[in-house]
Amino acid sequence: MSLLEVKGLKKHFPIRTGILKRTTGQVYAVDGISFSVEKGETLGLVGESGCGKSTTGRAVLRLLAPTAGTITFEGVDVMAASRTKMQRLRRDMQIIFQDPYASLNPRMRVRNIVGESLHIHNIGTEAERKKRVFELLETVGLSTEHAERYPHEFSGGQRQRIGIARALALNPKLIICDEPVSALDVSIRAQVINLLEDLQDELELTYVFIAHDLSVVKHTSDRVAVMYLGKIVEISDSAVLYDQPQHPYTEALLSAVPIPDPTTERARRRIILEGDVPSPANPPKGCVFHPRCPRAQETCTAAMPALSSTGGDAGERHEVACYFPARFTGGERSVASEPFAGATPPASA
Amino acid sequence: MGERLLTVDRLSTHFFTYAGVVKAVNGVSFTLDRKETLGIVGESGSGKTVAALSLMRLIPDPPGKVVEGSLMLGDRDLRTLRDEEMRQVRGNDIAMIFQDPMTSLNPVLKIGNQIAEAIMLHQDKGKREAWRLAAKLLDRVGIPDAEKRVNQYPFEFSGGMRQRAMIAMAISCNPDILIADEPTTALDVTIQAQIIDVIEEMQQAYESGVILITHDLGVIAEIADKVMVMYGGRTVEYGGIDEIFYNPHHPYTWGLLGSLPRLDEIEKTRLTPILGQPPDLISLPSGCPFVGRCLYERPECRDQWPELEIVGPEHGVHCWIPEAERREVRASLPHFQEYVR
Amino acid sequence: MPDRDTSGKQATEDLTISTVSERDLMEDKLVGRKPLGLWADTWRRLKRNHLAVVGLCIVVVFLAIGMTEEIGNFTPKGYLAPYDPNATNYEISPRGLGSPPSWSHPFGADYLGRDVFSRTLVATRISMLVGVIAVAIALIIGLILGPISGYYGGWVDSVIMRTADVFFAFPYILFVLLIMTVLGPGLWNVFMAIGILSWATYARLNRGSVLSVKAMEYVEAARAQGASDLRIIFRHVLPNTMAPVYVAIAMGIGGAIVTEAALSFLGIGIQPPNASWGKMISDYLSYLAAGSWWMLTFPSVFLTVTVFGFISFGNGLRDATDPKLKE
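So, how was this worked out
Residues numbered from 1 in each chain as written. Chains lettered and ligands numbered in written order. Predicted model: local features only at pLDDT ≥ 70, side-chain atom pairs only at ≥ 80, totals over all residues. Helix = DSSP H or I, 4+ residues; strand = E, 2+ residues; numbered from the N terminus. Buried ≥ 20, exposed ≤ 12 C-beta atoms within 10 Å, placed from the backbone. Contact = placed C-beta atoms within 7 Å. Rg over C-alpha atoms; globule rule 2.2 N^0.38 Å. Axes fitted to C-alpha atoms, helices over the stretch in contact; angles between N-to-C directions. Parallel < 35°, antiparallel > 145°, perpendicular 65-115°, else oblique. Left-handed = near helix turned anticlockwise from the far one by under 90°. Nonpolar A, V, L, I, M, F, W, Y, C, P; charged D, E, K, R; others polar. Pairing = 2+ DSSP bridges. Right-handed = clockwise from strand over helix to strand, strands pointing away. Core = buried A, V, L, I, M, F, W, Y, C linked by C-beta atoms within 7 Å.

*Asks:* If you had to explain the overall build of chain C to someone new, which residues and values would you point to?
*Replies:* Across its full length, chain C holds twelve helices and zero strands. Helices (α) and strands (β) of chain C occur, in sequence order from the N terminus, as α-α-α-α-α-α-α-α-α-α-α-α. When burial is assessed residue by residue, chain C has 45% of its 327 residues classed as buried. Residue pairs in contact within chain C that sit at least 24 positions apart in sequence constitute 68% of those at least 6 positions apart.

In C-alpha cells form, the structure reads like this:
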C-alpha cells in the first residue's frame, strides 16, 4: 500500500465578479491528477507558475477542500475524515513553506513556533515539550540559545531551518516541501537540501518536493511528475527524465534550464516555446499544451490525452500524457506519426 | 571584442546608517567592451546591485555615497558629471533593466507612454513619432500585436511581456551599455529562456555591452563572456567564462560551483555547500569578507585584504592561499573531479 | 579532507544577527548589528518627531494627575490637591462671583469659593477615566468582532461590517446623546455610551489588517498543525494586526475625553459631586459674562492641552510605525 495515493484530484476556484459576486468562471488550478507516493521516497512535482503544484500540495494536507477526487493516506480517506480523525492525521502529514519570511509568526518566539503543535495536540508536559524543542532545534542545526529569539533576528536560511523544526515536531511520516529553497541564496540552498536529505534518512521521512527549479527537483527526487496547467503531463524516475523526456513540454522545460557549464551550454540546442503560459482560468480545449506544442496536430485539439506508459526503455514506471510522445527503445529516440493509442482518454472522461 | 566602453576603477560605495558604516561596495574594478557581456555573480550582501546603481548614480544620498573610485565612460568620469549631464547619460548611454517587472513599471501609465517618455527626453522627437517608435520597439522585442499593446497598461501584460517591455524601454535610445539586474529571477524558466534570447539579440543588433547581474551561474554560463565574482562588497575573483568555471581560484567560487545541483549529473552526488551565513554588512572584517566560511583560512585573512594576483590570461583573484596550494586543494574537491579540463 | 558536515547540522556558532540586504540599505530600513526589536525601532523614530514627544509628555503628565486621587486616598487629607475640591468658602467669593487667580489660589476660586485649581486637578481623573475605560470597552467589542469578521469573511463579515457601517453613519454625538437619554446620567453610563458607539473604528481598522494577515503562510502553518480557528485568530492573527490599532487608541482616548466634555456640558454626563472639565465649563459659563473668566478658562485649557497631547502622540505613533514612510 502506498503511503499517499491521489486519484482524480481536482481543485477549481470560482471567479466571482460583479456586485452580486456571481460566479462567472472557474480557475482550473488542478484538473484531474493522480499519483502515488511510496514510503521513504521523494516525489518531485515540477512545473511553472499556474501549473497547480502548490495547490496540489495544500489539497493533500486538506488545507484546501478539493473539488473532486480522493486522497488516501495510509489507506485512510483524508477528505472524509472527521475532525478528530483529521487531527490525528495532521500529526502524520506536515508542510514546509517557501517564504522563510512569511512562514513564521513575527510575534512569536522560536520555541513557541516550533513547540506549538505539541501544545495543540497536548503532548507531554511543559518540561518534556521544552526538551523536545531543544532537540528539534539541534536536529536542524540551530542551537538552544536560539529558542528565545524572534524570527526577525535570523537569516533566511536559518528561518527555513526553524520551519523545518516546526514540521518535524510531531514526528510526521510525510512532509510536503513547497518550494523550500527557492527563496534562499545559492550557497544556503545546498545546505538546506542536504539537511532535508539527511533528515529523510534519519527519520524515515517521505517527501513530496514541489519546486519550479528542475535541477533541484531532479537532484532531490526519486521520481518526478511534470505539471502543466493543472495536469500531470509526464511522470518518471528522475534519472530517466533528463535522458529520455517523452513529452514535448518536458523537452522544452529541460532545454530551457540553464546549466552552469559553459561548454555544455554552447553545445546545447534550445527549444524556445512561443508565447506565454495560458491562464488556468481559460485552459485550451483538448490537450492543454497544444497551442504551444511544436508537434501539435489535429488529434490534439479534441481531448486531453490520458497518462499512460509507452512501454519502451523505462517500462511501466514512465508515463506520459501525449498523443505523439517521443519513444525510446534501446536509447534511440523516435516520434511516431500515428497518435499513441494509450493516450486515448477513457470514454467516460 | 570591441572598443572599451567602460572602465571602473576601485569603486567604493558606503552607506552611513545610524548603526554604523556599511561598506556595500569596497574597491571594485572592472571593464566592459562593446559587444561583450560581463556577468557579475554574487549572493545577498555581495554588493552587486549597489555597484550597478552606483554606476548609474542612483544611490540615495543620504544614506549612501560613492566615496571613492572612477567610473570612466569613454573619456568622461561619471562621478564628476553634473546632475543634468548624468540624466543625459541615463537611458541614452547606459540603460538599466530591473529585477521585478511588476514594480518597475508605473501601473497608471500606458506602456507606450513610458517608452515614449524616454525617447522624447533623449532623442528630441515629437510625441507621435515617439509613440510610433515605441510600438516598433515592442515588436522588436517580440511582443505580438505591438500596435495594440502599446496602448495597454502594465497589468494587461504577463510577467514575461513586462520584462520585454522593460527591455524595449531600455534599448529605446540605443544605449552603449545595458545593465540587467537579475532580469530573469522572477520569471518562469521557459520565459527566462525567451528573455535571455531577447537580450542577446538586442546586444547583437545594437552592438552594446551588457552587464548581467545575477546569482544564477547557469544563466552566466549561457551568455557571459567574462565573470566577476563578488562577496561582501569585494571582488574576489574575475576572469573569462571558461577560466572561472574550469579554472577557478577562489574558495568562494569553488563553493558556489560545488553547491549547485546539476540537471545533467549522471550519478547522484551530494552537494558540497558553503557553510555558514551570508555576511553581516555592518561588521565586515578589514580583510577578506569570506572569513568564517572559508575552510582554508589563514591568520592574515581576517585583517588584510589580499592584493590582486594574476593567475591566468585576464584572470585575477584576491586570496592569501599560495597558488600551488590552491591548485592542490581544488584538485581534491569532489566537484572538480568530473568537470575540470 | 576531514568528514565535513555539509548540511550545517553542527549548530551555528555565530549567534549574531541577520544580514542586511542591499534593498534594505537603499530604503534605510532598520540596519543594525542587533535589530533592536519592533518597539525600539518605533521609539527611535518617534523621538525624532518633536511634536509627538511633546504630546507623549502631556499624556504621561495628565495620566499621572489622573491617578493622584488614588494616591490621595491614602493621605490624611484624603486628596492630593491643595484644597478639598468640594470645600466651599463663601468668604473668598464676595458677590458670589468668586475671586481671580492669586497666590493662595493660583487658578482662582469659583462662585462657591471652591479652589478652581483643585477642582481642575480632580476633574482630570474623571476625564482620563472616561478616556481609558470607554476606549477599553470599544476595544473589547471591536477586537472580537473585527478579527472574526475578517477571518471568516462571507456573510459573517457582511453582517458585522454593515452593522459597523450603521454605527459610522449616525452622527456620533447624537447617538451618544440618545443612549444617555435612555440610560440616564451617571459615570458608568457615560463609559458605556461612548464605548459602545466607538467599537466600529477599531473593528474596521483591525479587519483590514486581518485580511492581509490571514493569507500569510504562518497562518497556514498553524492550520496545518491542527490549530483551531479560535487559536489562529487570537494567537496568530490578532497580535499581528495591532499596529494601526495602537494609533487609533491614542486618538480614541482624546476623542472620548472631548465627547465626555460635551456630554457634561450639555448636562447629561457627570453629575455632582463628581466634576469633570465639561461640567465645570458648563457650570461656569454664565459667570463669564459677569467677568469671572478664570473659572472656566483653566478647565478649558486643560481639556485642550490634553486632547492635543493625545492627538499629537497618536499622529507621531502612526508615522513612526509606518514602515513605508521614509525618514
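The rest of the description comes next.
*Asks:* With reference to specific residues and values, describe the overall build of chain A.
*Replies:* Tallying secondary structure elements over chain A gives ten helices and 14 strands in all. Against the 2.2 N^0.38 benchmark of 20 Å for 349 residues, chain A shows a C-alpha radius of gyration of 22 Å, consistent with a compact globule. Judged by the C-alpha coordinates and their principal axes, chain A covers about 70 × 55 × 45 Å. Looking at chain A as a whole, 50% of its 349 residues qualify as buried. Counting only contacts in chain A whose residues sit at least 6 apart along the sequence, the fraction spanning at least 24 positions is 62%.

*Asks:* Can you lay out the packing of helix α9 (residues 248-256) of chain A against helix α8 (residues 189-206) of chain B for me, pointing to particular residues and giving the numbers?
*Replies:* Where α9(A) meets α8(B), the closest approach of the two axes is 8 Å, and the angle between their N-to-C directions is 55°. Between α9(A) and α8(B), the interaxial angle falls into the category oblique. At the point where α9(A) passes α8(B), the crossing takes the left-handed sense. On α8(B), the residues touching Ala252(A), Leu253(A) and Ala256(A) of α9(A) are Val189(B), Thr190(B), Gln192(B) and Ala193(B). Among the residues making up the contact of α9(A) with α8(B), the classes are represented as five nonpolar, two polar and no charged.

*Asks:* Describe the pairing of strand β8 (residues 206-211) of chain A, and please don't skip the residues or the numbers.
*Replies:* In regular strands, side chains alternate between the two faces of the sheet. Residues and elements named next belong to chain A. Across the six residues of β8, six count as buried, placing the element largely inside the fold. In β8, alternate side chains face the same way, and those of Thr206, Val208 and Ile210 on one face and Tyr207, Phe209 and Ala211 on the other are all buried. Two elements, strand β3 (residues 42-46) and β8, share five bridges in a ladder whose sense is parallel. Paired with leucine 45 across the two strands is isoleucine 210, which belongs to β8. Bridge analysis of strand β7 (residues 174-178) against β8 gives five bridges, and the strand direction is parallel. By the bridge assignment, isoleucine 175 is partnered in β8 with tyrosine 207. At this point the chain moves from β7, through helix α6 (residues 186-203), to the parallel β8, and the crossover so formed is right-handed.

*Asks:* I'd like a description of the sheet that holds strand β8 (residues 209-214) of chain B, backed by residues and values.
*Replies:* All names here are of chain B. Pairing is mixed in the open sheet, where eight strands are placed in the order β6-β7-β8-β3-β9-β10-β12-β11. In the strand order of this sheet, the two ends are held by β6 (94-97) and β11 (309-312), each with one partner. Taking each pair of neighbouring strands and ignoring which way they run, the sheet shows an average axis angle of 20°. As defined by bridge partners, strand β9 (residues 226-231) adjoins strand β10 (residues 234-240) across six bridges and the pair is classed as antiparallel. Counterpart to valine 227 in the pairing with β10 is glycine 239. The sheet strands contacting helix α7 (residues 159-171) are β6 and β7 (177-181), and the helix crosses β6 at an angle near 170°.

*Asks:* I'd like a description of unusual backbone geometry, backed by residues and values.
*Replies:* Residues and elements named next belong to chain A. Phi at glutamate 74 is positive, roughly 50°, even though this residue is not glycine. Among the structural elements, glutamate 74 can be located in the loop between β4 (68-73) and β5 (76-77). C-beta crowding within 10 Å serves as the criterion here: with 16 such atoms nearby, glutamate 74 is assigned to the partly exposed category. We note that glutamate 204 has phi near 55°; this positive angle belongs to a residue other than glycine. Classification of glutamate 204 by C-beta neighbours within 10 Å gives exposed; the count is 11.

*Asks:* Describe the interface of chain A and chain B, listing the residues and the values that go with them.
*Replies:* Across the contact, 36 residues belong to chain A and 41 residues belong to chain B. Among the secondary structure elements, those contributing two or more residues to the side of chain A that touches chain B are α6, α7 (214-220), α9 and α10 (262-267) of chain A. The biggest single contributor to the side of chain A that touches chain B is α6(A), with seven residues. Of the residues that constitute the side of chain A that touches chain B, the class distribution is 18 nonpolar, ten polar and eight charged.

*Asks:* Now, about the environment of Ser12(B): what can you tell me, with residues and values included?
*Replies:* Residues and elements named next belong to chain B. Assignment of secondary structure puts serine 12 in strand β1 (residues 4-17). Overall, the presence of 19 C-beta atoms within 10 Å leaves serine 12 in the partly exposed class. Considered as a pair, serine 12 and valine 67 are 55 residues apart in the sequence and their alpha carbons are 5.7 Å apart.

*Asks:* Before we move on, could you go through the nonpolar core and cite the residues and values that matter?
*Replies:* With 281 residues, the main nonpolar core has Val208(A), Val226(A), Ile232(A), Ala134(B), Ile167(B) and Ile211(B) as its most contacted residues. Top element by residues in this core is helix α4 (residues 116-152) of chain C. It accounts for 17 residues. Ignoring anything within four residues of it in the chain, the contact list for Ile232(A) reads Ile33(A), Phe35(A), Ala225(A), Val226(A), Met227(A), Leu307(A) and Ala321(A).

*Asks:* Residue-level account of the sheet that holds strand β12 (residues 319-320) of chain A, with values.
*Replies:* Residue and element names in this part refer to chain A. Read from one edge of the open sheet, eight strands run β6-β7-β8-β3-β9-β10-β12-β11, paired in mixed fashion. For this open sheet the edge positions go to β6 (93-96) and β11 (308-309), each flanked by a neighbour on one side alone. Along the sheet, helix α5 (residues 156-168) contacts β6 and β7; its crossing angle with β6, the most-contacted strand, is approximately 175°.

*Asks:* I'd like a description of helix α1 (residues 48-55) of chain B, backed by residues and values.
*Replies:* Counting buried residues along α1(B), eight of its eight residues qualify, which places the element largely inside the surrounding structure. Here α1(B) has its buried residues at Lys48(B), Thr49(B), Val50(B), Ala51(B), Ala52(B), Leu53(B), Ser54(B) and Leu55(B).

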